[in-house]
Amino acid sequence: MPLPDQAAPASSTAPAESEDVAGLRSDFLSALGWMGLGIAILIGSVVMDRLEKQDINPYTIPGLLPGLLGIAMTILGALLAARSWRPHLLAAAVNGAPDNRAERTRLLLVLGLCLAFGVGLVGHGLPFWLAAAIFVTIAIVSLQYQQRKSAGAKLNLRMLVTAAAIGLGAGIIITIVFQEIFLVRLP
């Protein structure tokens, strides 16, 4: 006979299981996407011009860092795929577990923010550090707004100021690292 605290109605476990299934499907599909992107970046870095005729040091060749990042993305994607691979839950996910609407909304929000950053902010008169600071601040605020909205809480002034400080710090640090350490001229 089951103990009273172990007995749970079937209806309360079904939503949790479907969320697990949806999460596993999302992780697995994301893993495939990361591995595909990593492989594409690795291929692109391998076919880049090596500038050998200009006596470039092999450790500073174009494509070295993107190639290493492509390898890292592929490995991490494979680890995510392995972690999300649970045959009994993955089979249920493939057979039609419901999608997580909030997750899709966040994904579309992040893609829209990245597109706005790349197309609208960078290279249109703003210094890169300011464009990066604006992007990071808006990304933090909008993602926290979505999270807090689902929890029934509101953003406050302290959170906005914190997001702006993080954004400004990130914009300045990114600019310094790329211009002074990697010697990359930013737009």
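These numbers were taken from a predicted model, which means no experiment stands behind them. (Residues numbered from 1 in each chain as written. Predicted model: local features only at pLDDT ≥ 70, side-chain atom pairs only at ≥ 80, totals over all residues. Heavy atoms only, no water.)

### What to know about the confidence of the model for the protein
Model confidence for the protein is summarised by a mean pLDDT of 80, while 76% of its residues fall at 70 or above. The least confident element of the protein, judged by mean pLDDT, is helix α3 (residues 87–94) at 54; the most confident is helix α6 (residues 157–181) at 93. Within the model, pLDDT remains below 50 along residues 1–13, and this stretch shows 0 contacts once partners closer than five positions in the same chain are excluded. (pLDDT = per-residue confidence, 0-100. Helix = DSSP H or I, 4+ residues; strand = E, 2+ residues; numbered from the N terminus. Contact = heavy atoms within 4.5 Å.)

### Regarding the packing of helix α5 (residues 128–151) against α6
Orientation of α5 relative to α6, taken along the N-to-C sense of each, is 145°, at an axis distance of 7 Å. Crossing handedness for the pair α5 and α6: right-handed. Side by side, α5 and α6 meet where Phe 128, Trp 129, Ala 132, Ala 133, Val 136, Thr 137, Ile 140, Val 141, Gln 144 and Arg 148 of the first sit next to Met 159, Leu 160, Ala 163, Ala 164, Ile 166, Gly 167, Leu 168, Ala 170, Gly 171, Ile 172, Ile 174 and Thr 175 of the second. A per-class count over the contact of α5 with α6 returns 16 nonpolar, 5 polar and 1 charged. (Axes fitted to C-alpha atoms, helices over the stretch in contact; angles between N-to-C directions. Left-handed = near helix turned anticlockwise from the far one by under 90°. Nonpolar A, V, L, I, M, F, W, Y, C, P; charged D, E, K, R; others polar.)

### Some remarks on the packing of aromatic side chains
Following the criterion strictly, the structure yields 2 aromatic pairs and no others. Judged by centre distance (6.1 Å) and plane angle (70°), the ring pair of Phe 117 and Phe 128 falls under edge-to-face. Linking Phe 117 in helix α4 (residues 101–121) with Phe 128 in helix α5, this pair joins segments that are 11 residues apart in sequence. Comparing Phe 117 with Phe 128 shows no difference in burial state: the two are buried. Here Phe 117 and Phe 135 contribute two aromatic rings whose centre-to-centre distance is 4.8 Å and whose plane-to-plane angle is 35°, an arrangement assigned as tilted. (Phe/Tyr/Trp six-rings, centres within 6.5 Å; stacked < 30°, edge-to-face > 60°. Buried < 20%, exposed > 50% of the residue type's maximum accessible area, 1.4 Å probe, protein only.)

### Some points on the pattern of salt bridges
Per the counting criterion, the structure on display carries 1 salt bridge. We note a salt bridge from Arg 83 to Asp 27, for which the minimum N-O separation is 2.8 Å. Taken as a pair, Arg 83 in helix α2 (residues 64–84) and Asp 27 in helix α1 (residues 10–46) lie far apart in primary sequence, 56 residues in all. For Arg 83, a relative accessible area of 52% puts it in the exposed group. (Salt bridge = Lys/Arg side-chain N within 4 Å of Asp/Glu carboxyl O.)

### Focus: the nonpolar core
Grouped together as the largest cluster of nonpolar side chains are 7 residues: Phe 117, Leu 121, Val 122, Phe 128, Ala 131, Ala 132 and Leu 186. Broken down by secondary-structure element, the contributors of at least two residues to this core are α4 and α5. Examining the composition of this core, we find that 3 residues originate from one element, α5, more than from any other. Contact partners of Val 122, with chain neighbours within four places excluded, come to Phe 117, Phe 128 and Pro 187. (Core = buried A, V, L, I, M, F, W, Y, C linked by side-chain atoms within 4.5 Å.)

### Some thoughts on α4
Spanning 21 residues, α4 covers 29 Å between terminal C-alpha atoms, matching the ideal 30 Å at 1.5 Å per step. Inspection of α4 places Leu 113, Phe 117 and Leu 121 among the buried residues, and these make up the whole buried set. Down the axis of α4, the smallest arc covering the buried residues is 45°, so these residues share one side. Exposed residues pointing more than 90 degrees away from the buried face of α4 are listed as Arg 101, Leu 107, Leu 108, Leu 111, Leu 115 and Val 119. On its buried face, α4 sits against α5. Of the residues flanking the end of α4, it is Gly 123, one or two places downstream, whose phi is positive at about 85°. (Expected span 1.5 Å × (residues − 1). Arc of directions from axis to C-beta.)

### Considerations on the packing of α4 against α5
Relative to each other, α4 and α5 sit at 165°, their axes nearing to 11 Å. It follows from the interaxial angle that α4 and α5 lie roughly antiparallel. When the axes of α4 and α5 are compared, the crossing they make is right-handed. Every residue of α5 that contacts α4 at Thr 105, Arg 106, Leu 109, Val 110, Leu 113, Cys 114, Phe 117 and Leu 121 is listed here: Phe 128, Ala 131, Ala 132, Ile 134, Phe 135, Ile 138, Ala 139, Ser 142, Leu 143 and Gln 146. Grouping the constituent residues of the contact of α4 with α5 by class yields 14 nonpolar, 3 polar and 1 charged. (Parallel < 35°, antiparallel > 145°, perpendicular 65-115°, else oblique.)

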